[in-house]
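Fold and contact review
Chain by chain, the residues:
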Amino acid sequence: MWVVRFSDKQLEVVRAVLRSEEHRGPALEGALEALDLARWDDLPEAQLPWAELEAEASKQGVSQADVIWDRSGRHDEPAVPPIATKTRVKRKGKQAA
């Protein structure tokens, strides 16, 4: 992963170059999306929904960081797969503990 700083004008030029490509594959589309999201740190009003993250983390039995990681990766599955509960089978002549 690369980290770079662009002036506003440079950012406009890079976006224009990427958009001018006729055949944009997943890599270029991802780069354009990243450039569109690159200004997130300039938004002081932007906040994470902590109450929602804490509730989801508690429900899954994981940390808030795990939930954020899952959301940033856009995974539909939970951070930790649910643990299947085993049902006890009563056998003839024996009682289940």
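Attention here is on the structure that accompanies the text.

Analysis parameters
- Residues numbered from 1 in each chain as written.
- Predicted model: local features only at pLDDT ≥ 70, side-chain atom pairs only at ≥ 80, totals over all residues.
- Heavy atoms only, no water.
- Axes fitted to C-alpha atoms, helices over the stretch in contact; angles between N-to-C directions.
- Helix = DSSP H or I, 4+ residues; strand = E, 2+ residues; numbered from the N terminus.
- Parallel < 35°, antiparallel > 145°, perpendicular 65-115°, else oblique.
- Left-handed = near helix turned anticlockwise from the far one by under 90°.
- Contact = heavy atoms within 4.5 Å.
- Salt bridge = Lys/Arg side-chain N within 4 Å of Asp/Glu carboxyl O.

What about the packing of helix α1 (residues 8-20) against helix α2 (residues 26-37)?
Across the interface, α1 lies against α2 with an axial gap of 10 Å and an inter-helix angle of 155°. Relative to α2, the element α1 lies roughly antiparallel. Note on packing geometry: the crossing formed by α1 with α2 is left-handed. Only L28, A31, L32, L35 and D36 of α2 make contact with α1, whose side of the interface consists of L11, V14, R15, L18 and R19.

Quick look at the pattern of salt bridges
Scanning the entire structure with this criterion turns up four salt bridges. With its nearest N and O atoms 3.3 Å apart, the salt bridge here joins R24 to E29. Taking the shortest distance from any N to any O, the salt bridge between R71 and E56 comes out at 2.8 Å. In this pair, R71 sits in helix α4 (residues 64-72) while E56 sits in helix α3 (residues 50-60), placing the two residues 15 residues apart along the sequence. When salt bridges that share partners are traced, they join E52, E56 and R71 into one network.

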